[in-house]
Amino acid sequence: MSENEQLSALLAVCHWIGDKGWCPATGGNMSLRLNDEHCLVTESGRDKGSLREQDFLRVEIASNAAPDGRTPSAETGLHTLLYRLYPQVNAVLHTHSVNATVLSRVEKGSALRLQGYEMQKSLSGQRSHQDEVCIPIFDNDQDIARLAAQVSAYAEQTPLAYGFLVRGHGLYCWGRQVQEARRHLEGLEFLFQCELQRRLLEAQ
């Protein structure tokens, strides 16, 4: 796909996310790798449900700098980290859904472990509901460089797959293409909702 086609696909996903209510009040941020040196990242403060092409800024992956002087998302450093860690990743979606935010607080451990759900197979490489899906959870931090360093240190020991949660904040997920990132997001959101409802029923 050309750069314009990829960006059009990402814009469609952003509007779909907005319709889902997964990025309220200008929250969240999205990005697209252009090459080994640059990516496109949403400009800070933009409503994700009504994004336009001009709302994406070209950012240097190595430095997080936006050459045109505009301000990319405050969390750009987490996007560029994923592009540096994983050359196969070409799209990153960060959302603030209720399910992801609440579940990241309800789960007190350092990871959310999911098992027994057929929808686990929506995640690339998953073949059976019997396998365990592990979604790391990192404590929220307004210092994005420090948070990125924690994510990087974790990834050095355990490769990241599909996504991770930031406690009380939301979900980061990604894919080799925009559509794979969307599938991972939709699959994970379904799994999060199932897990929350299961825990609620078991607590009654």
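All of these numbers come straight from a predicted model, not from anything done at the bench.

Asks: Lay out the overall build of the protein with the relevant residues and their values.
Replies: What the protein contains, in helices and strands, is 5 helices and 8 strands. Taken from the N to the C terminus, the helices and strands of the protein come in the order α-β-β-β-α-β-α-β-β-α-β-β-α. Reported as C-alpha extents along the three principal axes, the dimensions of the protein are approximately 55 × 35 × 30 Å. Counting across all 204 residues of the protein, residues that qualify as buried make up 50%. Counting contacts in the protein only where the partners sit at least 6 residues apart, residues at least 24 apart contribute 61% of the total. With the model as given, the accessible surface of the protein reaches about 9700 Å², and the carbon-plus-sulfur share is 48%. Of the side-chain charges in the protein, 20 are positive and 25 negative, and the distance between the mean point of each set is 3 Å.

Asks: Quick rundown of unusual backbone geometry? Include the residues and the values.
Replies: Among all residues save glycine, negative phi is the norm, and among peptide bonds the norm is trans. Look at asparagine 64: it is not a glycine, yet its phi comes out positive at around 70°. With relative accessibility at 31%, the residue asparagine 64 sits in the partly exposed group. Even without being a glycine, tyrosine 162 presents a positive backbone phi close to 75°. When you line up the elements, tyrosine 162 lands in the loop between helix H4 (144-157) and strand E7 (163-166).

Asks: Kindly report on the packing of helix H3 (residues 98-106) against helix H5 (residues 178-203), identifying the contributing residues and their values.
Replies: Contact geometry of H3 with H5 gives a least axis separation of 9 Å together with a crossing angle of 50°. Of the possible angle classes, the one that applies to H3 and H5 is oblique. The hand of the H3/H5 crossing is left-handed. In this structure, H3 contributes Asn99, Ala100, Val102, Leu103 and Val106 to the contact, and H5 contributes Glu189, Phe192, Gln193, Glu195, Leu196 and Arg199. Of the residues assigned to the contact of H3 with H5, the class counts are 6 nonpolar, 2 polar and 3 charged.

Asks: Describe the side chain of glutamine 120, and please don't skip the residues or the numbers.
Replies: On the secondary structure map, glutamine 120 appears in the loop between strand E5 (111-115) and strand E6 (132-138). Of the polar contacts made by the side chain of glutamine 120, one reaches the backbone nitrogen of glutamine 115; its length is 3.3 Å. In terms of polar contacts, glutamine 120 uses its side chain to reach the backbone carbonyl oxygen of aspartate 131, at 2.9 Å. Dropping the residues within four chain positions of it, glutamine 120 is found in contact with Leu114, Gln115, Gln126, Ser128, His129, Asp131, Val133 and Leu191.

Asks: Lay out the UniProt feature "domain: Class II aldolase/adducin N-terminal" (unreviewed entry) in the protein with the relevant residues and their values.
Replies: UniProt records the feature "domain: Class II aldolase/adducin N-terminal" (unreviewed entry) for residues 8-196 in the present numbering. What you have in residues 8-196 is 34% helix and 22% strand, and the ends, taken at the C-alpha atoms, are 33 Å apart.

Asks: Account for the nonpolar core, with residues named and values stated.
Replies: Here is a general trend for soluble globular proteins: nonpolar side chains tend to be buried in one another's company. Counting 37 residues, the largest nonpolar core has Ile17, Phe56, Leu93 and Phe192 as the members making the most contacts within it. The leading source of residues in this core is helix H1 (residues 3-20), at 8 residues. Ignoring sequence-local partners within four residues, the contact set of phenylalanine 192 consists of Asn99, Ala100, Leu103, Leu112, Leu114, Leu165 and Leu171. Tyr86, Ile144, Ala148 and Tyr172 belong to the second largest nonpolar core, which has 23 residues in total.

Asks: So what's going on with the packing of aromatic side chains? Residues and values would help.
Replies: Scanning the entire structure with this criterion turns up 5 aromatic pairs. With a centroid separation of 5.1 Å and 25° between ring planes, the pair formed by phenylalanine 164 and tyrosine 172 is classed as stacked. Note on accessibility: phenylalanine 164 and tyrosine 172 belong to one class, buried. One aromatic cluster in this structure is built from Phe138, Tyr154, Phe164, Tyr172 and Trp174. The ring of tryptophan 16 carries the charged tip of arginine 182 above its face, separated from the ring centre by 3.9 Å.

Asks: Go over the UniProt feature "binding site: Zn(2+)" (unreviewed entry) in the protein, please, and point to the residues and values.
Replies: Taking the numbering used here, the UniProt-annotated feature "binding site: Zn(2+)" (unreviewed entry) corresponds to His94 and His96. For histidine 94, the location among the structural elements is in strand E4 (residues 91-95). Apart from residues no more than four positions distant in its own chain, histidine 94 is found in contact with Cys23, Gly28, Asn29, Met30, Glu75, His79, His169, Gly170, Leu171 and Tyr172. Of the polar contacts made by the side chain of histidine 94, one reaches the side chain of glutamate 75; its length is 3.1 Å. Relative to the elements of secondary structure, histidine 96 occurs in the loop between E4 and H3.

Parameters at a glance
- Residues numbered from 1 in each chain as written.
- Predicted model: local features only at pLDDT ≥ 70, side-chain atom pairs only at ≥ 80, totals over all residues.
- Heavy atoms only, no water.
- Helix = DSSP H or I, 4+ residues; strand = E, 2+ residues; numbered from the N terminus.
- Buried < 20%, exposed > 50% of the residue type's maximum accessible area, 1.4 Å probe, protein only.
- Contact = heavy atoms within 4.5 Å.
- Areas by Shrake-Rupley, 256 points an atom, 1.4 Å probe, with all protein chains shown as cover.
- Lys, Arg positive; Asp, Glu negative; His and termini not counted.
- Charge placed at Lys NZ, Arg CZ, Asp CG, Glu CD.
- Axes fitted to C-alpha atoms, helices over the stretch in contact; angles between N-to-C directions.
- Parallel < 35°, antiparallel > 145°, perpendicular 65-115°, else oblique.
- Left-handed = near helix turned anticlockwise from the far one by under 90°.
- Nonpolar A, V, L, I, M, F, W, Y, C, P; charged D, E, K, R; others polar.
- Polar contact = N/O pair within 3.5 Å; in protein donor to acceptor, adjacent residues only side chain to side chain.
- UniProt positions renumbered as here; feature names shortened; annotations may be inferred.
- Core = buried A, V, L, I, M, F, W, Y, C linked by side-chain atoms within 4.5 Å.
- Phe/Tyr/Trp six-rings, centres within 6.5 Å; stacked < 30°, edge-to-face > 60°.
- Lys NZ or Arg CZ within 6 Å of the ring centre and 35° of its normal.

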